[in-house]
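# Descriptive analysis of the structure
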Amino acid sequence: MRQGSLCLCYPLGRPYGVQSHPEKVMSGIRVRIAPSPTGFFHIGNAKTAIINWLFARKEGGAFILRLEDTDTERSRAEYGEVILEALHWLGIDWDEGPGIGSEPERGAYGPYRQSERRHLHLAAAERLVAEGKAYRCFCTPEELEVMRRDVREGRRSGPLRTQWRDASPEEIAAMGDRPCAIRFKTPDGETVIDDMVQGEVRTDNREFDDFVIVKPNGDPVFHLAVVVDDGLMRITHVLRGDDHLTNAFRHAMLFDALGFDRPRFGHLPMVLDEHGKKYSKRLHGANLLDWREDGYLPQTMVNYLALLGWTPEEENRELFTPEQLIEAFTVRRLGASAAKFDRKKLDWMNGQHIRMLAPETLRDLLTPILARAGFDCSDRSPEWLTRLATICQEKLPTLNAIVGLADFFFREPDAYEEKAVGKHWSKPNAVERLEAITMLLETTEPFTSEALHEAFKARAEAEGVGLGQFVHPTRLALTGRSVGPGLFELAELLGREKCLERVQRAIAFVKEMGGTS
RNA sequence: GGCCCGUUCAUCUAGUGGUUAGGAUGCAGGAUUCUCAGUCCUGUCACAGGGGUUCGACUCCCCUACGGGCUGCCA
């Protein structure tokens, strides 16, 4: 019998295998995420992963990754890699999990791919049958359909209990090896769950059918597989989406029947899209990595998603690095109501996180984005690029916004913003002013933002006008726009020669404009 | 249909019987004698509805409405 191997093979308490974070894993708390590799890592999976990870790291527990790849229809090997990539990007590390590519599997409770645990699931089912807690059911799909219709149409009430529930061994034997499902024999009574998020929830077991745990084709069903896996992996806390709340009753019954200690459950509200609907897989942003694509920082996503359903003990604070989140995390502050994803707030938060970056880090993130937009940075010095990052840092809601903010460093302005032209270049003295600006740009030594600032200020004072009278026309000439990084910083970075060229072009433009109007 | 969960400003939320219902994002206005998509300041905006319980309900109970989930030989 494999019974012994089922629930008694691991010593209670600490695992004996190699941990990747032995120093962090010491509380006995073991949590997991169990995503299905079905294409991409959903934003909701990300939230669940983050909460579990924060909990494990805060409590000194183990964070486990298990791939639920049993749906052979939809699962593909390479999709597993996608999940890992998403987790890596977020900066979420795990202590036990499947090996991907050449990487070996790690952890003492493997395998960590559900498809490789089939024998464990089936053994558990057999044990339940042997103990009279589950039964073979030879009903045909047609028979089941009739029973369901009868319930629906009121000819029959109560949960599904098939005729095979109490069949004698002889009757079963008489069926030979005809295909049959294994159904769980739902016990009488009531199941109560003390949910970490939802509080106490209870249901009469009569609400539950004798659900299938092994399909006639021999495949274990999800409910059985999760319970067996969570049980054998000694998972202590199951934090997952609240779409599983009702399933938790089934799982609790199964944990009990198999003789496992039940984990604490915590059902987290789901992430809704901006319209309050379930976040459809087809929607842009449903894939966590869409956000990387759009120029969001992983630490922003961790911060934002963590706060979508959790609030810190310390009120009125919402900017956190991942490390700070770990430090601040407490289960009792998990909320129970669903939250809409707010892109605007995410933008703000991303801007805040971008500001926290070291200039060199920001530079390294920005350079490939500029390159992808067709702005070759290979001939710019690292110092120059760092400076670029610095002067743009506080203006960027997303990394990608650099393209629209700094394009003029890489190409001549091909048009001037119309409104700004009207405002700054249409006065009679426009050309005169641009010529004065030319002079300033030619003579200022050294050509630095500080010196330029001084020179411009002195000139404006001498003429008795505001600095803006000089700054705005210059900005328009140099960048083609009315908004952007600080003018003197930008001018320094652009270099004297380029600045002069562009002001000359502006003068020509203004003269032309005057001539034709 | 049955069962389960949820419902405080537009959005994320704080609030566990007595609060001017607080913060953040957004939005609006002002400021910033260099722009704003940045920064600072000010303002705007909420307890889903109805019954109870109570001296007193956002807070407790019931009902209704709305949203979500489960009800599969999907996970």
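Overview of the structure.

Rules of the game
- Residues numbered from 1 in each chain as written.
- Chains lettered and ligands numbered in written order.
- Predicted model: local features only at pLDDT ≥ 70, side-chain atom pairs only at ≥ 80, totals over all residues.
- Heavy atoms only, no water.
- 1 Å grid on protein atoms, 1.4 Å probe; cavity = no way out; pocket = protein on both sides within 12 Å on 5 of 7 lines; lining within 4 Å.
- Points joined across faces, edges and corners; volume = space filled by probe spheres on them.
- Helix = DSSP H or I, 4+ residues; strand = E, 2+ residues; numbered from the N terminus.
- Buried < 20%, exposed > 50% of the residue type's maximum accessible area, 1.4 Å probe, protein only.
- Contact = heavy atoms within 4.5 Å.
- Near = heavy atom within 4 Å.
- Polar contact = N/O pair within 3.5 Å; in protein donor to acceptor, adjacent residues only side chain to side chain.
- Pairing = 2+ DSSP bridges.
- Axes fitted to C-alpha atoms, helices over the stretch in contact; angles between N-to-C directions.
- Parallel < 35°, antiparallel > 145°, perpendicular 65-115°, else oblique.
- Left-handed = near helix turned anticlockwise from the far one by under 90°.
- Nonpolar A, V, L, I, M, F, W, Y, C, P; charged D, E, K, R; others polar.

So, on to the layout of surface pockets. What the largest pocket holds in volume is close to 1400 Å³. The dominant element in the lining of the largest pocket, judged by the number of residues it contributes, is helix 2 (residues 43-59), at 4 residues.

Residue placement: Asn-247 occurs in helix 8 (residues 245-258). By relative accessible area, which is 15% here, Asn-247 ends up buried. When neighbours within four sequence positions are excluded, Asn-247 is seen to be in contact with Phe-222 and His-223.

Within the structure, RNA strand B sits among 65 residues, and Lys-215, Glu-318, Lys-395, Leu-467 and Ser-482 are positioned closest to it. Within 4 Å of the protein, the atoms of RNA strand B are drawn from sugar and phosphate moieties in a proportion of 73%. At 3.1 Å from a phosphate oxygen of RNA strand B is found a side-chain nitrogen or oxygen belonging to Lys-278. Note that a sugar or linking oxygen of RNA strand B is positioned 2.6 Å from one of the side-chain N or O atoms of Glu-315.

Taken in spatial order, the 3 strands of this open sheet run 3-4-7, and their pairing is antiparallel. Looking at which strands have only one partner, the edges of the open sheet turn out to be strand 3 (134-137) and strand 7 (212-214). For this sheet, the mean inter-axis angle between neighbouring strands, taken without regard to orientation, is 40 degrees. Summarising the sheet, strand 3 and strand 4 (residues 181-184) pair through 4 bridges and their orientation is antiparallel. Of the residues in strand 4, the one forming a bridge with Cys-137 is Ala-181.

As a packed pair, helix 18 (residues 449-463) and helix 20 (residues 487-494) sit with axes 8 Å apart at the nearest point and diverge in direction by 125 degrees. As far as their axial angle goes, helix 20 and helix 18 are oblique. In the crossing of helix 18 with helix 20, the sense of the turn from one axis to the other is right-handed. Contacts between helix 18 and helix 20 involve Ser-449, Leu-452, His-453 and Phe-456 from the first element and Phe-488, Glu-489, Ala-491 and Glu-492 from the second. Of the residues assigned to the contact of helix 18 with helix 20, the class counts are 4 nonpolar, 2 polar and 2 charged.

So, on to the pairing of strand 5 (residues 190-195). On any regular strand, side chains alternate: one points to one face of the sheet, the next to the other face. Of the two faces of strand 5, the one holding Thr-191, Ile-193 and Asp-195 is buried and the one holding Glu-190, Val-192 and Asp-194 is not buried anywhere. Sheet topology note: the strand 5/strand 6 (residues 199-204) ladder contains 6 bridges and is antiparallel. Note that in strand 6 the partner of Val-192 across the bridge is Arg-202. From the end of strand 5 to the start of strand 6, which pair antiparallel, there are 3 residues.

Between helix 2 and helix 10 (residues 298-307), whose axes approach to 9 Å, the crossing angle comes to 85 degrees. Taken together, the axes of helix 2 and helix 10 are roughly perpendicular relative to one another. Across from Ile-43, Ala-46, Lys-47, Ile-50, Ile-51 and Leu-54 in helix 2, the residues of helix 10 making contact are Met-301, Val-302, Leu-305 and Ala-306. A breakdown of the residues in the contact of helix 2 with helix 10 according to their chemical character gives 9 nonpolar, no polar and 1 charged.

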